[in-house]
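Coordinate inspection notes
Listed here are the chains, written in short residue letters.
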Amino acid sequence: MKIRKAVIPAAGLGTRVLPASKSVPKEMLPIVDKPAIQYIVEEAVASGIEEILIITNRGKSVMEDHFDRSPELEERLLATNKTDLYEEVIAVSRLANIQYLRQKETKGLGHAVACARTFVGDEPFAVLYGDDVIIGEIPATRQLCEAYEKYGKGVAGVQYVPRDQIWKYCTLAVERLEEKIFSISEMIEKPRDDQFISNYAALGRCVLPPSVFDILDDLPPGANGEIQLTDAMRQLAHQGRMIGVEYDSKRYDMGNKLGILQATVEVGVKHPETGEAFREYLKEFVKTL
Ligand code: UTP
């Protein structure tokens, strides 16, 4: 079954990037010239997604403005013959069919996804975490959707994480099915050291069957007192209904300060407008370190 719908949870408090995230949602922090959420919407569209629901919160309406028309700005750009910029601004508002829904209480990623039940209905759907920008030749979400279509099971995006970092994410029990595809039999969110299973963690993207909503509805709070999406996927894993795809792309965590810097540098050196000058600047700058 083709995956047509995607949910982008973007209602978190972003405490790791305070004070910036006090008034600017972390999902709106730019990488060179585009906010994080635009990269994510572009990835969804490039993966064949037709309808997107962004889960927002109080103070996050700038995301809606970003994907809306901007008549005054458009008029000014046209009047001053800035046609390229005009086209670019219009293109953002035409990127996708986007709806918005507020998560009224910040109860965790699992709770944010549960809010999407009516939008999703009775079909499998993709989840793209609003602060994880993933850049690669083949969009990560497309890699996951193809695995869902082939195996008919929930799919978690998987990455190899160094042992000393795994406590921030989750740890998975995996068995290889193909070079980049695993079956998952166990997943533990924010594992303590004695709960470590493997260096594989579920990160940034997943494709889930609609049955996950019943699981989410009955889920007690987990790690950090939040309703954890991993705990819902864990139940699917225990039923043999979860696989993982080690996606072939680079992930930037826009929810942490180092991730933002890495994204800016790595996207900046490749950017058609700034790349050359930025590379020259960096070469000189690193000599001073
Ligand atoms: P995070 O756990 O990284 O977001 O959730 P957070 O709670 O904002 O992070 P910190 O720890 O306070 O810095 C991953 C994604 O899920 C969304 C976030 O916006 C982020 O894109 N999220 C998280 C929600 O939509 N609702 C929630 O209740 C929690």
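Summarised in this report is the structure supplied together with it. Remember, it's a predicted structure, so these values are computed and weren't measured experimentally.

Considerations on the side chain of Thr56
Note on placement: Thr56 falls in strand E4 (residues 51–56). The exposure class assigned to Thr56 is buried, which follows from its relative accessible area of 2%. Setting aside its immediate chain neighbours within four residues, Thr56 contacts Ala10, Ala11, Met63, Glu64, Tyr100, Leu101, Arg102 and Gln103.

Comments concerning the nonpolar core
Counting residues in hydrophobic clusters, the biggest one holds 81 residues, and the most contacted among them are Ile37, Ile54, Phe125, Leu208, Leu229, Met233 and Met242. Top element by residues in this core is strand E11 (residues 200–208). It accounts for seven residues. With sequence-adjacent residues up to four places away left out, Phe125 is seen in contact with Ile3, Lys5, Val7, Val113, Val120, Cys206, Val207, Leu208, Pro209, Val212 and Phe213.

Focus on helix H4 (residues 83–93)
Within the span of H4, buried status applies to Tyr86, Ile90, Val92 and Ser93. Across the axial projection of H4, the buried residues extend over an arc of 155°, all falling on one side. Its buried side turned inward, H4 meets helix H1 (36–46), helix H2 (62–66) and helix H3 (71–79).

Overview of the packing of aromatic side chains
Summed over all chains, the structure comprises five aromatic pairs. Arranged with centres 4.9 Å apart and planes meeting at 45°, the rings of Phe182 and Tyr200 form a pair that is tilted. With a gap of 18 residues between them, Phe182 in strand E10 (residues 181–189) and Tyr200 in strand E11 connect regions that are remote in the sequence. Each member of the pair Phe182 and Tyr200 is classed as buried.

Some points on the packing of helix H10 (residues 257–268) against helix H11 (residues 275–287)
Where H10 contacts H11, the axes come no closer than 9 Å and their chain directions differ by 120°. Two secondary-structure elements touch here, H10 through Thr264, Val265 and Gly268 and H11 through Gly275, Phe278 and Leu282. Taken together, the residues that form the contact of H10 with H11 break down as three nonpolar, three polar and no charged.

Conventions adopted
- Residues numbered from 1 in each chain as written.
- Predicted model: local features only at pLDDT ≥ 70, side-chain atom pairs only at ≥ 80, totals over all residues.
- Heavy atoms only, no water.
- Helix = DSSP H or I, 4+ residues; strand = E, 2+ residues; numbered from the N terminus.
- Buried < 20%, exposed > 50% of the residue type's maximum accessible area, 1.4 Å probe, protein only.
- Contact = heavy atoms within 4.5 Å.
- Core = buried A, V, L, I, M, F, W, Y, C linked by side-chain atoms within 4.5 Å.
- Arc of directions from axis to C-beta.
- Phe/Tyr/Trp six-rings, centres within 6.5 Å; stacked < 30°, edge-to-face > 60°.
- Axes fitted to C-alpha atoms, helices over the stretch in contact; angles between N-to-C directions.
- Nonpolar A, V, L, I, M, F, W, Y, C, P; charged D, E, K, R; others polar.

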